[in-house]
Amino acid sequence: MDDEQAPAGIDPTIPSVARMYDYYLGGKDNFAADREAAENFIKVMPSVRTLARANRAFLSRAVGEIAGQGVRQFLDIGSGLPTQENVHQVAHRITPEARVVYVDNDPIVLAHGRALLEDNPHTTVVQADMREPKALLDHPDIRERIDFDQPVAVILLAMLHFIPDDDDAAAIVTAVREKLAPGSYLVISHIHAGYLSTEDQARATGAYRSTNAGSITTRTPAHLDVYTQGLEVLDPGIVPVQSWRPEFEEDAVPDFTKPGIIGVVAKAP
């Protein structure tokens, strides 16, 4: 998009992490500032476009697995701009009556999502911020659609790395877990550095410093292990997203040395 096309209330000169992700995926809903910041990140991590697609494919496989287990409620926190194989599309192929709530705080995400879902009675988009998890989970529009006394899948896809403080990230996961009824699922993906040098990690962080998120923080499989303690972690465990029940045989062996995105799907007992 050209900057002149920015909706009222949107500053196109401030990069948005949702619009940068859209750019990685080959979308058109981004501004010059988003593309510049994204290209700066690509210089450090040239594989980011492939990783973004792998992350979406992980989401699709995870949602398909969970819907196949009978879950009829999905809460996608930090859903980003609509693209192919959104949660409701995957879930509704298996269970047409599944209820799906997308949550984001980016006005463009909200506008596009509401336009896309205007005629879908089982899916809605809500404005809320994961940095205030209790307010988000108690949001009346979410509570109208999601019954937390019943199994629900809560998705935090490539979102927690925008929370710089480890304790704050853990607190978000804790708030979510406290809401999970038995039989619920938690889906997390998160950027990790692998053997990326300290210098390149600093450059990667710098690419996101000017965005609406303000930073990006890499974490390790050990962090995701803490987030899922006490839950039943589905096979194959915490792995790079392309290695979670992979589509291609060459992705079956996890490689944690490379920078990328790690993911996990866990079930509440």
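The rules we used
Residues numbered from 1 in each chain as written. Predicted model: local features only at pLDDT ≥ 70, side-chain atom pairs only at ≥ 80, totals over all residues. Heavy atoms only, no water. 1 Å grid on protein atoms, 1.4 Å probe; cavity = no way out; pocket = protein on both sides within 12 Å on 5 of 7 lines; lining within 4 Å. Points joined across faces, edges and corners; volume = space filled by probe spheres on them. Helix = DSSP H or I, 4+ residues; strand = E, 2+ residues; numbered from the N terminus. Nonpolar A, V, L, I, M, F, W, Y, C, P; charged D, E, K, R; others polar. Buried < 20%, exposed > 50% of the residue type's maximum accessible area, 1.4 Å probe, protein only. Polar contact = N/O pair within 3.5 Å; in protein donor to acceptor, adjacent residues only side chain to side chain. Contact = heavy atoms within 4.5 Å. Salt bridge = Lys/Arg side-chain N within 4 Å of Asp/Glu carboxyl O. Phe/Tyr/Trp six-rings, centres within 6.5 Å; stacked < 30°, edge-to-face > 60°. Lys NZ or Arg CZ within 6 Å of the ring centre and 35° of its normal. Core = buried A, V, L, I, M, F, W, Y, C linked by side-chain atoms within 4.5 Å.

(A) The arrangement of empty space enclosed by the protein in detail. According to the stated counting rule, one finds 2 cavities of 30 Å³ or more in the structure shown. Estimated volume of the largest cavity: approximately 110 Å³. For the largest cavity, the lining is made up of 16 residues, of which S79, G80, P82, N86 and Y102 are closest to its centre. Elements with a contribution of two residues or more to the lining of the largest cavity: α3 (48-68), α4 (87-94) and α5 (107-116). When residues in the lining of the largest cavity are grouped by element, the largest group, 3 residues, is from α5. Of the residues contributing to the lining of the largest cavity, the split by class is 9 nonpolar, 5 polar and 2 charged. What the second largest cavity holds in volume is close to 40 Å³. Surrounding the second largest cavity, A18, Y21, D22, L25, G80, L81, P82 and T83 form its lining. Considering only residue class, the lining of the second largest cavity consists of 5 nonpolar, 2 polar and 1 charged.

(B) Molecular detail of the side chain of R61. Locating R61 in the fold gives a position in helix α3. The class for R61 is buried, based on a relative accessible area of 17%. Reaching out from R61, the side chain makes a polar contact with the backbone oxygen of V241 at a distance of 2.9 Å. Excluding residues that lie within four positions of it along the chain, R61 makes contacts with V241, Q242, W244, R245, P246 and E247.

(C) Broad picture of the pattern of salt bridges. Overall, the coordinates contain 12 salt bridges when judged by the stated rule. The partner of R49 in a salt bridge is E39, with the nearest N and O atoms 3.4 Å apart. Of the two residues, R49 is situated in helix α3 and E39 in helix α2 (residues 32-44); the sequence distance between them amounts to 10 residues. As a salt-bridge pair, E247 and R61 come within 3.1 Å of each other at their nearest N and O atoms. Highlighted residues: E247 in the loop between β7 (239-240) and β8 (260-267) and R61 in helix α3, separated in sequence by 186 residues. We classify E247 as exposed; its relative accessible area is 52%. Via salt bridges that share partners, R19, D34 and D106 belong to a single interconnected network.

(D) Up close: helix α1 (residues 17-24). Where burial is concerned, most of α1 is hidden: 7 out of the 8 residues are buried. Burial in α1 covers these residues: V17, A18, R19, M20, D22, Y23 and Y24. For α1, the elements touching its buried residues are α2, α3, α5 and α9 (198-208). Its side-chain oxygen at 3.2 Å from the backbone nitrogen of A18, S16 defines the N-terminal cap of α1. Looking one or two residues beyond α1, the residue adopting positive phi is G26, at roughly 90°.

(E) The arrangement of unusual backbone geometry in detail. Following D235, the chain continues to P236 via a peptide bond in cis, the omega torsion being 10°. One can find P236 in the loop between β6 (232-233) and β7. With phi around 50°, A158 is a residue other than glycine that occupies positive phi space. Within the element layout of this structure, A158 appears in the loop between β4 (153-157) and α8 (166-177). Even without being glycine, R245 reaches a positive phi, approximately 45°.

(F) Representation of the packing of aromatic side chains in the model. In this structure the tally under the stated criterion is 4 aromatic pairs. Relative to Y208, the ring of F41 lies with its centre 5.2 Å away and its plane at 85°, an arrangement referred to as edge-to-face. One end of the pair, F41, is in helix α2; the other, Y208, is in helix α9, and 167 residues separate them in sequence. For Y208, a relative accessible area of 4% puts it in the buried group. Put simply, the rings of Y24, F41, F162 and Y208 touch in pairs and so form one group of aromatic residues. The residue whose ring lies beneath K179 is F148, and the NZ or CZ to ring-centre distance is 5.6 Å.

(G) Quick look at the nonpolar core. Counting 84 residues, the largest nonpolar core has Y24 and F74 as the members making the most contacts within it. Sorting elements by how many residues they give to this core places α3 first, with 10 residues. Beyond its immediate stretch of four places on either side in the chain, Y24 contacts A38, F41, I42, V48, R49, A52 and Y208.

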